[in-house]
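Notes for the structure review
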Amino acid sequence: MKTSVFLGSVAAATLMAGVGMADTLADVKARGELNCGVNTGLVGFAAPDANGNWTGFDVDICKAVAAAVLGDPTKVKYVPTTGQTRFTALSSGEVDLLARNSTWTFSRDTDLKLDFVGVNYYDGQGFMVSKDLGVTSAKELEGATVCIQTGTTTELNLADYFKANNMTYSPVNIDSNAEGEQQYMAGACDAYTTDASGLAATRAAFADPENHIILPEIISKEPLGPAVRHGDSNWGDIVRWTLYALIAAEEYGITSANIEELTTSSQNPEVQRLLGTTDDLGAMIGLDKEWAKRAIMASGNYGEIFAANIGEQTPIGLARGLNAQWTQGGLMYAMPFR
Amino acid sequence: MTDLSVPASPPFRPSMLIYDRRYRSLTFQVIVFILVMALAWWLINNTIQNLAALGKDFDFGFLWSRAGYDIPQTPIPYSSDDTHLRAALVGLLNTLIVSILGCIAATFVGVVAGVARLSNNWLIARLMTVYVEAFRNVPLLLWILIVFAIFTEIMPAPNAFRGDNPSASMILFDNVALTNRYTAIPTLGMTNDPGSLDLGARITISWATLAFVVVLAAGWIARRMIATWAQQVQDRTGSRPTTWWASLAVMTVPSLLLIWYFGLHLIAPELRGFNFTGGLNVQNGLVALWLALTLYTGAFIAEIVRAGILAISRGQSEAAFALGLRPGRTMNLVILPQALRVIIPPLISQYLNLTKNSSLAIAVGYMDLKGTLGGTTLNQTGRELESIVLMMGVYLVLSLTISAGMNVFNARVKLKER
């Protein structure tokens, strides 16, 4: 008798635990804090500064979502994840949102039960070599030793690229970008390969960035974007449209400087809808009227975030390229706010 | 006959389950058993529920899909087109390689250090104490990392061997190159290659290797027979015939003949392009892991050996000396055979520890079972539970096999009680 009661209550508790997982928005609101999975340290994308505050391109996505949902961009707990731990951290519920330059692929979107909500950086895999190696093309890397982060799509692209070009190489498997940097600097590998943006960020942190070149070949498509757990569409919508709000804001010229002014003065109906002065779009995703306005105010629009963290004025010095607005010949295209 | 009146047992009542000593122990055992089973059921059910909530199933089908990644050290042929299963097998073989090398070297280091720690020489004994205490009391991972760091930071890059006046040079008659990536050592080449035996699944063994194994085994048996014959002669006549040259001959001459027949020679590594080719490049990850595992486990084995020797009473060696045995023979014939009884059981657990500790390999980029099945495969397929369960099973089987083998050996050397 006792045993069956015990077992019954255990089963009930288990079931309730299972059901409770599904509403991420309620969980985040109840917690008062957004758990955001970020890189363990990639300057420009996500890295703690000298005072221990996380900054970067991916970090600003976390801030925007926290601002939209909780009304305060500082209410974020940053959870550093490696290439190996990131998806487990997300699917186990340790983080609510993964903004960690992760590539959107078919199997991750389907089999790993993640939902990529959009692309915040269109990237491709490249190679970095030391200048005194005298190599000018990735095709000259026959027989080279290549440092590669395990558990990444780049590991698979590398194998495919060398196979397709009938070349051999020996991989050196490393766990994090910091370890890769150390191995590369020690000369334990001839070339370091990862997303071209990551290479630029890594090189910017070197004492002698001028002595290292990024080879012209881009060997893969790496659309990087924030991901959420599969099965909670409402939370996915919130993150997706927060990202679109940032992109749309750049398109319509809304910046952190003029946002207050535009809120009262703008006659553009799309801007009015976005900033919540006319329609109440926020209610449709369980948020208030000014969610998008707060998200944009957190660190500015997409262009401002790009320029501040990884743009040409920063040591990382990435050009907009594919990541320019669609009106400027790029791929950044926010769906209509209507 | 005395009348042993046994009181008729009272009829069973439920309260006796607690108050009657005969039933009480049974009651508690049943309760504990039910609780344990309930806990197990809860854990399993919880896992199933949560997997279902995530929409994931439990399926090992991923093992047969294309792996797509490369592995630096492949004892059997492997390419990125092979399956995850084969990648796991490569990882398992890498685990076995480092474990076997580690067990052999750690035993050697441990025995030497253990005996040396008992030395009458003050300096040697103290040095060994320092070694044992330093390695036993610092976490293994740190030793692995520091050995690896020494290799990558101090050794020259392959590039340094280039040019007319290179800043680094090869050692051992230009046969071995120590670099910050690997140690390039020569491989064996044959001018008269007999081909290889195909074991299926693209695993082959050279006929030459098999020939050497057969010849060495036969030589060892012949040596045993010579020793038995010498013993018989000694028992009969009282004087032992000189056999060392015959033993030496049966052990070496056939092998030398084989070497001449196959035209065995060394192929030295050469610097071509970015790296050394032609020879065998032993990854620094393997060397660092092997060295650290050896020195770490060796320190524990040293203590076991020391304890084993100290466990033999002083009277044994005194008796042996009184019979006129020299110190070397005393150690070999009297002390060690008895000490082995004490040494072997804890030695088994050290071998098990070494094998399990080899799973720290990923820290130095050595792709063992944890690096392939539990690392890249797990990550690329997202099958955490399946990979981990499979890996646990493999390590369990590995440990039990080592344990069983060592137990057989222990049964042979332990004191025969009649």
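Cut-offs and rules
Residues numbered from 1 in each chain as written. Chains lettered and ligands numbered in written order. Predicted model: local features only at pLDDT ≥ 70, side-chain atom pairs only at ≥ 80, totals over all residues. UniProt positions renumbered as here; feature names shortened; annotations may be inferred. Helix = DSSP H or I, 4+ residues; strand = E, 2+ residues; numbered from the N terminus. Pairing = 2+ DSSP bridges. Axes fitted to C-alpha atoms, helices over the stretch in contact; angles between N-to-C directions. Contact = placed C-beta atoms within 7 Å. Core = buried A, V, L, I, M, F, W, Y, C linked by C-beta atoms within 7 Å. Buried ≥ 20, exposed ≤ 12 C-beta atoms within 10 Å, placed from the backbone. Domains from an automatic or database assignment. Nonpolar A, V, L, I, M, F, W, Y, C, P; charged D, E, K, R; others polar. pLDDT = per-residue confidence, 0-100.

According to the UniProt record, the Sequence similarities (unreviewed entry) comment for chain B reads "Belongs to the binding-protein-dependent transport system permease family. HisMQ subfamily."

An unreviewed UniProt entry lists chain A under the name Amino acid ABC transporter substrate-binding protein, with Paracoccus sediminis as the source organism. Quoted verbatim from the Sequence similarities (unreviewed entry) heading of the UniProt record, the comment on chain A is "Belongs to the bacterial solute-binding protein 3 family."

Turning next to the UniProt feature "domain: ABC transmembrane type-1" (unreviewed entry) in chain B. UniProt feature "domain: ABC transmembrane type-1" (unreviewed entry): in the numbering of this structure it lies at residues 92-406 of chain B. Annotated as 66% helix and 10% strand, the span residues 92-406 of chain B places its first and last C-alpha atoms 20 Å apart.

All right, on to the UniProt feature "transmembrane region" (unreviewed entry) in chain B then. Residues and elements named next belong to chain B. Under the UniProt annotation, the feature "transmembrane region" (unreviewed entry) is placed at residues 26-44, 87-116, 137-157, 199-222, 243-267, 287-312, 333-352 and 388-409. A helix fraction of 71% and a strand fraction of 0% characterise residues 137-157, whose end C-alpha atoms lie 33 Å from each other. Secondary structure across residues 243-267 divides into 76% helix and 16% strand, with the first and last C-alpha atoms of the span separated by 37 Å.

The next subject is the sheet that holds strand 10 (residues 169-174) of chain A. Residue and element names in this part refer to chain A. Taken in spatial order, the five strands of this open sheet run 10-9-11-8-12, and their pairing is mixed. Edge strands, defined here as strands with exactly one partner in the open sheet, are strand 10 and strand 12 (212-214). Taking each pair of neighbouring strands and ignoring which way they run, the sheet shows an average axis angle of 30 degrees. Each of strand 9 (144-149), strand 10 and strand 11 (191-195) touches helix 7 (residues 177-185); the most contacted strand, strand 9, lies at about 160 degrees to it.

Turning our eyes to something else, we now look at the nonpolar core. Core analysis: the largest hydrophobic core is formed by 154 residues, its most contacted members being A:C62 and B:L289. Top element by residues in this core is helix 8 (residues 284-310) of chain B. It accounts for 16 residues. Taken domain by domain, the makeup of this core includes at least three residues from each of domain 1 (22-122 + 224-328) and domain 2 (126-220) of chain A. The contacts of A:C62, once residues within four sequence positions are left out, are A:L34, A:C36, A:V38, A:V76, A:Y78, A:L97 and A:A99. Core analysis: the second largest hydrophobic core is formed by five residues, B:A177, B:Y182, B:A184 and B:F276 among them.

One widely used convention gives an interface's size as the accessible area the parts lose upon coming together. With 39 residues of chain A at the interface, the matching set in chain B holds 34 residues. Elements that contribute at least two residues to the side of chain A that touches chain B include exactly helix 1 (2-20), helix 4 (86-91), strand 9, helix 6 (153-164) and strand 10 of chain A. Looking at the side of chain A that touches chain B element by element, the count peaks at eight residues for helix 1 of chain A. When grouped by side-chain class, the residues that make up the side of chain A that touches chain B number 16 nonpolar, 16 polar and seven charged.

For chain B, per-residue confidence averages 86 on the pLDDT scale, and 97% of positions sit at 70 or higher. This prediction of the complex comes with two scores: 0.78 for pTM and 0.73 for ipTM.

All names here are of chain A. Phi angles above zero are rare outside glycine, and K113 is one such case at about 60 degrees. Secondary-structure assignment places K113 in the loop between helix 5 (106-110) and strand 6 (114-116). When the 17 C-beta atoms within 10 Å are taken as the criterion, K113 is described as partly exposed. At N166, a residue that is not glycine, the phi angle is positive and equals roughly 60 degrees.

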